[in-house]
Amino acid sequence: MSFKLVGQLQEKAAVVEQVCRVLGISRSGYYAARRRSRMQPAVCEASVQLKAAFAASGGAYGSRRLRTAVASRGIVMGIYRVRRLMCQHGLRSTWKRKFVHTTDSKHALPISPNVLARQFNPTRPDQAWVADIT
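Residues numbered from 1 in each chain as written. Predicted model: local features only at pLDDT ≥ 70, side-chain atom pairs only at ≥ 80, totals over all residues. Heavy atoms only, no water.

Naming follows an unreviewed UniProt entry, where the protein chain appears as Transposase InsO family protein of Sphaerotilus montanus.

Asker: Explain the packing of helix α5 (residues 63–72) against helix α6 (residues 79–89) to me, using residue names and the numbers behind them.
Answerer: In contact at an axis separation of 9 Å, α5 and α6 are set at 105° when each is read in the N-to-C sense. In terms of their interaxial angle, α5 and α6 are classed as roughly perpendicular. The segment α5 lies against α6, with Ser63, Arg64, Leu66 and Arg67 engaging Ile79, Val82, Arg83 and Met86. Grouping the amino acids of the contact of α5 with α6 by side-chain chemistry returns four nonpolar, one polar and three charged. (Axes fitted to C-alpha atoms, helices over the stretch in contact; angles between N-to-C directions. Helix = DSSP H or I, 4+ residues; strand = E, 2+ residues; numbered from the N terminus. Parallel < 35°, antiparallel > 145°, perpendicular 65-115°, else oblique. Contact = heavy atoms within 4.5 Å. Nonpolar A, V, L, I, M, F, W, Y, C, P; charged D, E, K, R; others polar.)

Asker: Which residues make up a nonpolar patch on the surface, and what are the values?
Answerer: A grouping of Leu5, Leu9, Val22 and Leu23 is seen on the molecular surface, where their side chains present a nonpolar patch of about 330 Å² in accessible area. Looking at the nonpolar patch, the elements that each hand over two or more residues are α1 (2–11) and α2 (16–23). As for its position among the elements, Leu9 is in helix α1. (Patch = residues over 30% accessible without salt bridge, like charges linked within 9 Å, V, L, I, M, F, W, Y side chains within 5 Å. Areas by Shrake-Rupley, 256 points an atom, 1.4 Å probe, with all protein chains shown as cover. Salt bridge = Lys/Arg side-chain N within 4 Å of Asp/Glu carboxyl O.)

Asker: Lay out the side chain of Ser47 with the relevant residues and their values.
Answerer: If you trace the backbone, Ser47 turns up in helix α4 (residues 45–56). On the basis of relative accessibility, which here comes to 5%, the residue Ser47 falls in the buried class. Within the structure, Ser47 has its side chain in polar contact with the backbone oxygen of Cys44 (distance 2.9 Å). Once residues lying within four places of it in the same chain are set aside, the contact partners of Ser47 are Leu85 and His89. (Buried < 20%, exposed > 50% of the residue type's maximum accessible area, 1.4 Å probe, protein only. Polar contact = N/O pair within 3.5 Å; in protein donor to acceptor, adjacent residues only side chain to side chain.)

Asker: Lay out the nonpolar core in plain terms, naming residues and giving numbers.
Answerer: Of all hydrophobic cores here, the largest spans 13 residues; its most connected members are Leu50, Leu66, Val70, Met77, Val82 and Met86. Only α4, α5 and α6 provide two or more residues apiece to this core. Sort the elements by how many residues they give to this core and α4 lands first, with four residues. Among all residues touching Val70, those that are not within four sequence positions of it are Gln49, Leu50, Ala53, Ile75 and Met77. With six residues, the next largest nonpolar core counts Val16, Val19, Cys20 and Ile25 among its residues. (Core = buried A, V, L, I, M, F, W, Y, C linked by side-chain atoms within 4.5 Å.)

Asker: Before we move on, could you go through the layout of surface pockets and cite the residues and values that matter?
Answerer: Its boundaries defined by the atoms lining it, the largest pocket holds a volume of some 180 Å³. Along its surface, the largest pocket is lined by Val115, Leu116, Gln119, Asn121, Pro122, Thr123, Gln127, Ala128 and Trp129. A class-by-class count of the residues in the lining of the largest pocket yields five nonpolar, four polar and no charged. (1 Å grid on protein atoms, 1.4 Å probe; cavity = no way out; pocket = protein on both sides within 12 Å on 5 of 7 lines; lining within 4 Å. Points joined across faces, edges and corners; volume = space filled by probe spheres on them.)

Shown next as structure tokens:
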């Protein structure tokens, strides 16, 4: 905000050095902010390829895998640049849980008979026992 004020006062023929001293900001900081504001945010091809590789992975690739995926497309960049671009574009990898098949119903082993047969009210004690293995 104060850098904008310095720019406005400079247009009205005020000396930048004096205005910066009064506002308590550095002159070099003002010029650096002015240079940054003039720069247009360019869409770099690396970020486009990074987003494409991330989407192709289904959002599962982290920075290391994305780096190799982008390198296979012909764009070589460092791991820290990949991380920085991921942060800038909000790309966060998600873990996909592996499906574990726990029940094998297709076997030739004998199947135990259903002794209780859904009769949950036994006529006398110690006739039906219940257990929970979970």
